[in-house]
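Structural overview for review
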Amino acid sequence: MGMYLNPTNNRFKISKSKKIYVDKSLLINEIYQHAIDTNEFICVARPRRFGKSTDAYMLVAYFSKGCNSSSLFEDLKIAQTDIYKKHLNKHNVIFINMQYFYDISSSVEDMIDFLNEELIDEINQDYHISIRKSKISLLLNKIYAQTEEKFIFIIDEWDCVLRNIDASEDDKNKFLVFMNELLKDKDYVELAYMTGILPIKNMVTKVLSICLTKYQ
């Protein structure tokens, strides 16, 4: 278990203990079926205080190999489904709170470097695979090549850079290139679930423009 790779279920445990908790566990079934049948990338855009982070913590608690969450889910609706025991705590999960890394960094470039260092350091504690360049995507590619293990990415506040009015266009471009390198067309991605505030349709043209420019 770790902070980023296969975290514990502590955050979901706290959420579930509150009197106002609402059982939305069937979301797990819908998300996993969507990933298998349609697309492994899911982006949830809703206003603040609509439970996006709570749902992300629930997914971490359910999928992560870093904990045993049977006691947390046994009285929830997901426990009545066919997939419940098949996937409970049996997947590699990488959890990233993007806002945290952005808040403690002096620039977007610094944030990306720090995120790469933190993830590489923690993941290498389990896999012990060296790489010459400090890019998490290169490490995960090597891990998949050697083990065929895949990862579920749960990324909270993925759009924090893009919605910051003080962020320059160059900063936003650097961030989108980083996300593209991390997730696009990667064999190691089993599922990517991202939460944010910006409607995803507002970003599609921008993302496509950057990707086409970089990879033409």
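Report follows, based on the coordinates. Counting from 1, residues in each chain are numbered in the order their sequence is written. Two thresholds apply to this predicted model, a pLDDT of at least 70 for residue-level local features and 80 or more for giving and counting side-chain atom pairs, whereas whole-chain, interface and lining totals are computed over all residues. Side-chain measures were taken over the full set of non-hydrogen atoms in the model, leaving aside hydrogen atoms and water.

**Regarding the overall build of the protein chain**
- When its secondary structure is counted, the protein chain shows 10 helices and 4 strands.
- Secondary structure is summarised from DSSP: a helix means a run of H or I of at least four residues, a strand means a run of E of at least two, and numbering begins at the N terminus for each. For the protein chain, the succession of helices and strands along the chain, N to C, is α-α-β-α-α-α-β-α-α-α-β-α-β-α.
- In this scheme, a residue with accessible area under 20% of its type's maximum is buried, one over 50% is exposed, and one in between is partly exposed, where area comes from a 1.4 Å probe on protein chains only. Here the protein chain, with 216 residues, has 48% of them falling under the buried criterion.
- Nonlocal contacts in the protein chain, meaning residues at least 24 apart in sequence, comprise 74% of its contacts between residues at least 6 apart. In what follows, a contact means two residues having at least one pair of non-hydrogen atoms within 4.5 Å.

**Brief notes about the packing of helix α7 (residues 108–127) against helix α8 (residues 136–147)**
- Think of each axis as a best-fit line through the C-alpha atoms, taken over the contacting stretch in the case of a helix, with angles from 0 to 180 degrees between the N-to-C directions. Where α7 contacts α8, the two axes come as close as 9 Å, and the packing angle between them is 20 degrees. Compared by their axis directions, α7 and α8 come out roughly parallel. For the pair α7 and α8, the sense of crossing is left-handed. Between α7 and α8, the contacting residues are N116, L119, I120, I123, N124 and Y127 on the first element and I136, L139, L140 and I143 on the second. Put simply, angles under 35 degrees are roughly parallel, angles over 145 are roughly antiparallel, angles from 65 to 115 are roughly perpendicular, and the rest are oblique. Crossings are assigned a handedness: left-handed for a near helix turned anticlockwise from the far helix by less than a right angle, right-handed for a clockwise turn.

**As for the environment of D171**
- Its location among the elements puts D171 in helix α9 (residues 169–183).
- Overall, D171 belongs to the partly exposed group, its relative accessible area being 21%.
- The spacing of D171 and V161 is 10 residues in sequence and 7.8 Å in space, taken between C-alpha atoms.
- Beyond its immediate chain neighbours, meaning those up to four positions away, D171 contacts V108 and V161.

**Digging into the packing of α7 against α9**
- Between α7 and α9, the shortest axis-to-axis distance is 9 Å and the interhelical angle comes to 20 degrees. By the angle between their axes, α7 is roughly parallel relative to α9. Contact with α7, carried on its side by V108, E109, M111, I112, L115 and N116, involves D171, K174, F175 and F178 of α9 and no other residues of that element.
- All amino acids are sorted into three groups, where Ala, Val, Leu, Ile, Met, Phe, Trp, Tyr, Cys and Pro are nonpolar, Asp, Glu, Lys and Arg are charged, and the leftover types, Gly among them, are polar. Residue classes in the contact of α7 with α9 are distributed as 6 nonpolar, 1 polar and 3 charged.

**Re the packing of aromatic side chains**
- Within 6.5 Å between ring centres, the rings of Phe, Tyr and Trp (the latter by its six-membered ring) count as paired, and their orientation is classed by plane angle as stacked under 30 degrees, edge-to-face over 60, tilted in between. Applying the stated criterion across every chain, the model contains 11 aromatic pairs.
- Measuring from ring centre to ring centre gives 5.9 Å for F12 and Y21, while their planes differ by 75 degrees; the resulting arrangement is edge-to-face.

**Observations concerning unusual backbone geometry**
- Positive phi values are uncommon outside glycine, yet N6 reaches one of about 50 degrees.
- You can see N6 is positioned in the segment before α1 (10–17).

**Describing the pairing of strand β3 (residues 151–156)**
- A large share of β3 lies buried, amounting to 6 of its 6 residues.
- Neither face of β3 is open: one carries F151, F153 and I155, the other I152, I154 and D156, and all of them are buried.
- Taken together, the 6 bridges between strand β2 (residues 92–97) and β3 define a ladder with parallel strand orientation. Looking at β3, one finds that I94 is bridged to F153.
- When the strands point away from the viewer, a crossover counts as right-handed if the route from the first strand across the helix to the second turns clockwise. Considered for its hand, the β-α-β crossover made up of β3, α9 and strand β4 (residues 189–196) is right-handed. Only strands that DSSP links by at least two bridges are regarded as paired with each other.

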